[in-house]
Amino acid sequence: MQLTQIVNGEVTELTLCEACAKSKGLFDPQSLSFAEQFFPEEFKKKIDNLVKELVQHKQNEQEQAQESVRTDMLTRCPVCDFTLELYRKTERFGCPDCYSVFGPEVNKGEETTSNSGAVDEVSPAIARKKLEQQLQAAIEREDYETAAILRDKLKKTD
Amino acid sequence: MNFKTLTKQASSWFKNPGGACDIIIGTMVRAVRNLRGHRFPGWSTAEGRKAVADILLPVLRELPGNKTGFEAEMKDLSYEQRRILLERKQLSHCMAARQDGCHVLINKKQDITYMVNEEEHLAIHFYESGTDNIQLTKQIQRARKTLAALEKRLDIAHNRRDGYLTSMPAESGSGLQLYTVLQLPCMSIAGMMQQVTRGLEKLMLNISPFYSELGDDTGHLYVIYTAPLICGGEEDMANHLRNIVYTLAEHEMQARLKMTSTEEGFSVLIDKISRAYGLLEYARRMEYAELINTLAMLRMGTVCGYVQPTDRSPNQFLAEMAACYPTMAPYNMQYITQDVAENCSQEILRPLLCRNLIKDVIFTQNTLNSEYE
Ligand SMILES: [Zn+2]
Ligand SMILES: [Zn+2]
């Protein structure tokens, strides 16, 4: 991410995490310069916040990665690579499939959330990824019975 | 239609179709849709945006009025051209800052703007200019008709729990949002706008200045709009907003009557209208914001009968004034005068051009329009 082209000097070393920059809508260095022309003050604020978050994010990233292995819920969308962490920061999703990946985490409205049947059309890629993670977790806790079932299910998705 | 042709025609909100009303400027339905299996524009790459545009553009081009309309990729529009589209209220602010793979289409009639890779893959704005009888439910039906035609040919992201999926989960649902624009000069002179703002909040409606970049109250124009609508609640919300708009218009009329009922109030109102008239007659330099404030007073004065054209109908005069909002705006002025007036600034040109506007228009403080009583 060539944030350095617009914000010079001090933020050079913070340009590594493309994901974070993207989530802020700063996906396109070209359009950044336009954003600057249109909303100079907002832009400055945006960059300042971004720099703060990038530092924070780099520290959190490793812990986050480990945490995601432990839980059996997906924290990364296999279709678009968006993460739950980014959702919490931006209140946005990366692609329509994020709805079925992060859906349970995002309680929209106060209605009953138990109608899981209503969340339809999970894409095969997501279903597969979920199974893989569950399988990994089962193996780690040495629950080989479950692991065998999951492995069979996985085979069927091939 | 090329850019020059586009700027020669008034954009939808600035057409005055009739009805002796200067209060309700117009309505807009914003509709958004996304394609299944593609990243949202804010999380996308140049290639991703191009892929989305390649799917959407051929379908959009076949919609009625688009072949002879205006189309451009944002990267091919200059800074000035974007500003002009913003002045004409034909582009969202978010879209104005977009580049590669982001496209804008405007139909021939210039009452629909299609934006590809805005906040969402597709955002459509359906405009209707002011009338005494705003028809938000009809506007929704019109939007739905277009959306249905699109959905037949596109794989639109949707599920039963969330409705139409948007980049912000909190905004998913019907994918529709309603806007109205009102001019409330007397209420703002009377200092009632804060009260209105608080009231609207309680009614689940938002209000913001129409010309936010020029200040909070420039032209006494306000946008009143709903949050993105949930599925199933569209018609109710349309009727809700419609009722509120009529109530506000009613309050504005009441405020005018109340003001003219006392000598003190009458002098305040008539002073503002006469000064506005005088400015257009005698000013030698004028900024855009000043012009907009002046026109607001003249429009009110015309509806109240203090300002009267002698050779044309009041409606015709109201329409002429409405057309000045986009044409006299800074970037458009620069654009239309660049060839003819090199050494003449637009502050000088503006009052010169406006002088024609009040030709054969008289000011009188004694005649109350009978319609208005
Ligand atoms: Zn990141
Ligand atoms: Zn995703």
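Data block above holds the structure.
Along each chain, residue indices are assigned from 1 in the same order as the chain's sequence is written. Chains carry letters and ligands carry numbers; both start at the beginning, A for chains and 1 for ligands, and go up in the order they are written. Restriction of local features to residues with pLDDT of at least 70 applies here, the model being predicted, together with a cutoff of 80 or more for giving and counting side-chain atom pairs; totals for whole chains, interfaces and linings are based on all residues. To obtain the side-chain values, all non-hydrogen atoms of the structure were included, while hydrogens and water were left out.

**Observations regarding the overall build of chain A**
Next, step 1: Secondary structure elements are taken from DSSP: a helix is a run of H or I of four residues or more, a strand is a run of E of two residues or more, and numbering for both begins at the N terminus. When helices and strands are tallied, chain A shows seven helices and zero strands.
Next, step 2: Along the chain direction, N to C, the helices and strands of chain A fall in the order α-α-α-α-α-α-α.
Next, step 3: In chain A, the share of contacts with a sequence separation of at least 24, taken over all contacts with a separation of at least 6, comes to 53%.
Next, step 4: The protein chains shown are the only cover counted for residues, whose accessible areas, like all others here, come from Shrake-Rupley with a 1.4 Å probe. Roughly 9,400 Å² of accessible area belongs to chain A as shown, and the carbon and sulfur atoms make up 47% of that amount. The contact criterion used is simple: two residues touch if any of their non-hydrogen atoms lie within 4.5 Å.

**Let's talk about the nonpolar core**
Next, step 1: We define a nonpolar core as any set of buried Ala, Val, Leu, Ile, Met, Phe, Trp, Tyr and Cys residues linked to one another through side-chain atoms lying within 4.5 Å. Only protein chains enter the accessibility calculation, which uses a 1.4 Å probe; a residue is then buried when its area is under 20% of its type maximum, exposed when over 50%, and partly exposed in between. The biggest cluster of nonpolar side chains holds 95 residues, and the ones touching the most others in it are L60(B) and L150(B).
Next, step 2: Contacts of L60(B), omitting those with residues within four sequence positions, involve N66(B), L105(B), Y114(B), V116(B), L122(B) and L150(B).

**Quick notes on the environment of R30(B)**
Residue and element names in this part refer to chain B.
Next, step 1: As for its placement among the helices and strands, R30 is situated in strand β1 (residues 24–33).
Next, step 2: In this structure the C-alpha to C-alpha distance between R30 and N356, which are 326 residues apart in sequence, comes to 36 Å.
Next, step 3: Setting aside chain neighbours within four positions, we find R30 in contact with E118, E119, A123, I124, H125, G175, L176, Q177 and Y179.
Next, step 4: Polar contact is defined as a pair of N or O atoms within 3.5 Å, subject to the rule that within protein one atom must be able to donate a hydrogen and the other to accept it, and that residues adjacent in sequence are counted only when both atoms are side-chain atoms. Side chain to side chain, R30 and E118 meet in a polar contact 2.7 Å long.

**Re helix α2 (residues 46–61) of chain B**
Residue and element names in this part refer to chain B.
Next, step 1: The end-to-end C-alpha distance of α2 is 21 Å, a good match for the 22 Å that 16 residues give at a rise of 1.5 Å each.
Next, step 2: Bend is computed residue by residue as the angle between axes fitted to the seven residues ending at the residue and the seven residues starting at it. At D54, α2 shows its maximal kink, close to 25°; a proline, P58, follows between one and four residues later.
Next, step 3: For α2, every residue scored as buried is listed here: R49, V52, A53, L56, L57, V59 and L60. One fewer than the residue count of a helix, multiplied by 1.5 Å, yields its expected span.

**What to know about empty space enclosed by the protein**
All names here are of chain B.
Next, step 1: In the cavity and pocket records, a cavity denotes points on a 1 Å grid over the protein atoms alone where a 1.4 Å probe fits but cannot get out, a pocket denotes an open set with protein on both sides within 12 Å along at least 5 of 7 lines, and lining residues are residues with an atom within 4 Å of a point. Grid points are joined across faces, edges and corners, and a volume is the space filled by probe spheres set on the points. All chains considered together, the criterion is met by two cavities of 30 Å³ or more.
Next, step 2: Roughly 30 Å³ of internal volume is contained in the second largest cavity.
Next, step 3: Lining the second largest cavity are S11, S12, W13, R88, K89, Q90, Q110 and Y127.
Next, step 4: Grouping the amino acids of the lining of the second largest cavity by side-chain chemistry returns two nonpolar, four polar and two charged. Ten residues, namely Ala, Val, Leu, Ile, Met, Phe, Trp, Tyr, Cys and Pro, are considered nonpolar, four, namely Asp, Glu, Lys and Arg, are considered charged, and the remaining ones, Gly among them, are considered polar.

**Let's talk about the coordination of the zinc ion (ligand 2)**
Reference values for coordination geometry: four tetrahedral donors around a metal ideally subtend 109.5 degrees, six octahedral donors ideally subtend 90 or 180 degrees.
Residue and element names in this part refer to chain A.
Next, step 1: Around the zinc ion (ligand 2), the protein contributes the donor atoms C77 (SG), C80 (SG), C95 (SG) and C98 (SG), which lie 2.3 to 2.4 Å from the metal centre.
Next, step 2: Taken in chain order, the donor set of the zinc ion (ligand 2) reads C-x2-C-x14-C-x2-C. Here C77, found in the loop between α3 (40–70) and α4 (84–90), pairs with C98, found in helix α5 (residues 98–102); they are 21 residues apart in sequence, far enough to count as distant. Comparing C77 with C98 shows no difference in burial state: the two are buried. Counted as donors are N, O and S atoms no farther than 2.8 Å from the metal, or 3.2 Å for Na, K and Ca; water is not among the atoms, and sites may therefore look incomplete.

**Points about the side chain of H125(B)**
Next, step 1: As for its position among the elements, H125(B) is in strand β5 (residues 122–129).
Next, step 2: A distance of 3.0 Å separates polar atoms of two side chains, one belonging to H125(B) and the other to R30(B).

**A closer look at the state of the cysteines**
Next, step 1: Counting rule for disulfides: a pair of cysteine sulfur atoms within 2.5 Å. In the structure shown here, the tally under the stated rule is zero disulfides over all chains.
Next, step 2: Free cysteine C231(B): the closest other cysteine sulfur is in C98(A), separated by 19 Å.
Next, step 3: Judged by its relative accessible area of 43%, C231(B) is partly exposed.

**Section: the sheet that holds strand β9 (residues 206–209) of chain B**
Residue and element names in this part refer to chain B.
Next, step 1: Strand order in the open sheet made by the eight strands is β2-β3-β4-β5-β1-β8-β10-β9, with antiparallel pairing throughout. Looking at which strands have only one partner, the edges of the open sheet turn out to be β2 (70–73) and β9. Direction aside, the axes of adjacent strands within the sheet are offset by 15° on average.
Next, step 2: Here the rule is simple: two strands pair whenever DSSP picks up at least two bridges between them. Where β1 meets β5, eight bridges bridge the pair, whose relative direction is antiparallel. The residue bridging M28 from the neighbouring strand is Y127, located in β5.
Next, step 3: Docked against the sheet, helix α7 (residues 193–202) engages β9 and β10 (221–225), running at close to 145° with respect to β9. Only the contacting stretch of a helix is used when fitting its axis, a line to C-alpha atoms as for every element, and angles between N-to-C directions run 0 to 180 degrees.

**Quick word on unusual backbone geometry**
All names here are of chain B.
Next, step 1: The phi dihedral of Q110 is positive, around 60°, even though this residue is not glycine.
Next, step 2: Residue position: Q110 is located in the loop between β3 (103–106) and β4 (112–116).
Next, step 3: The backbone of N117 sits at a positive phi, close to 65°, despite the residue not being glycine.
Next, step 4: If you trace the backbone, N117 turns up in the loop between β4 and β5.

**Quick word on the packing of aromatic side chains**
Residue and element names in this part refer to chain B.
Next, step 1: Paired rings are identified among Phe, Tyr and Trp, the last through its six-membered ring, by centres lying within 6.5 Å, and are further divided according to the angle between planes into stacked (under 30 degrees), edge-to-face (over 60) and tilted (the rest). Taken as a whole and judged by the stated rule, the model has 16 aromatic pairs over all chains.
Next, step 2: Ring centres of F210 and Y211 lie 5.0 Å apart, and the angle between their planes is 70°; on these two criteria the pair is classed as edge-to-face. No difference in accessibility class separates F210 from Y211, as the two residues are buried.
Next, step 3: Arranged with centres 6.1 Å apart and planes meeting at 70°, the rings of F266 and Y306 form a pair that is edge-to-face. A residue pair is termed long-range when its members are at least 10 positions apart, and F266 in helix α9 (residues 263–282) and Y306 in the loop between α10 (288–304) and β11 (307–309) qualify at 40 residues.
Next, step 4: On the basis of relative accessibility, which here comes to 21%, the residue F266 falls in the partly exposed class.
Next, step 5: Note on Y306: relative accessible area 1%, which makes it buried.
Next, step 6: Two thresholds decide whether a charge sits over a ring: the Lys NZ or Arg CZ must be within 6 Å of the ring centre and within 35 degrees of the ring normal. Positioned above the aromatic ring of Y335 is the side chain of K4, whose terminal nitrogen or guanidinium carbon lies 5.3 Å from the ring centre.
Next, step 7: Above the plane of the ring of Y164 lies R33, whose end atom (NZ or CZ) is 3.4 Å from the centre.

**Topic: the packing of helix α5 (residues 136–153) of chain B against helix α8 (residues 234–261) of chain B**
Residues and elements named next belong to chain B.
Next, step 1: Running from amino to carboxyl end, α5 crosses α8 at an angle of 140°, the nearest separation of the two axes being 8 Å. Judged by the angle between their axes, α5 and α8 are oblique. In this structure, α5 uses L136, T137, I140 and R144 to contact α8, whose residues at the interface are E234, E235, A238, N239, L241 and R242. In what follows, roughly perpendicular refers to angles from 65 to 115 degrees, roughly parallel to angles under 35, roughly antiparallel to angles over 145, and oblique to any angle outside these ranges.

**Points about the environment of M28(B)**
Residue and element names in this part refer to chain B.
Next, step 1: Within the secondary structure, M28 is located in strand β1.
Next, step 2: Sequence-wise, M28 and Y179 are 151 residues apart; in three dimensions their C-alpha atoms are separated by 4.9 Å.
Next, step 3: Not counting chain neighbours up to four residues away, the residues in contact with M28 comprise W13, H125, F126, Y127, Q177, L178 and Y179.

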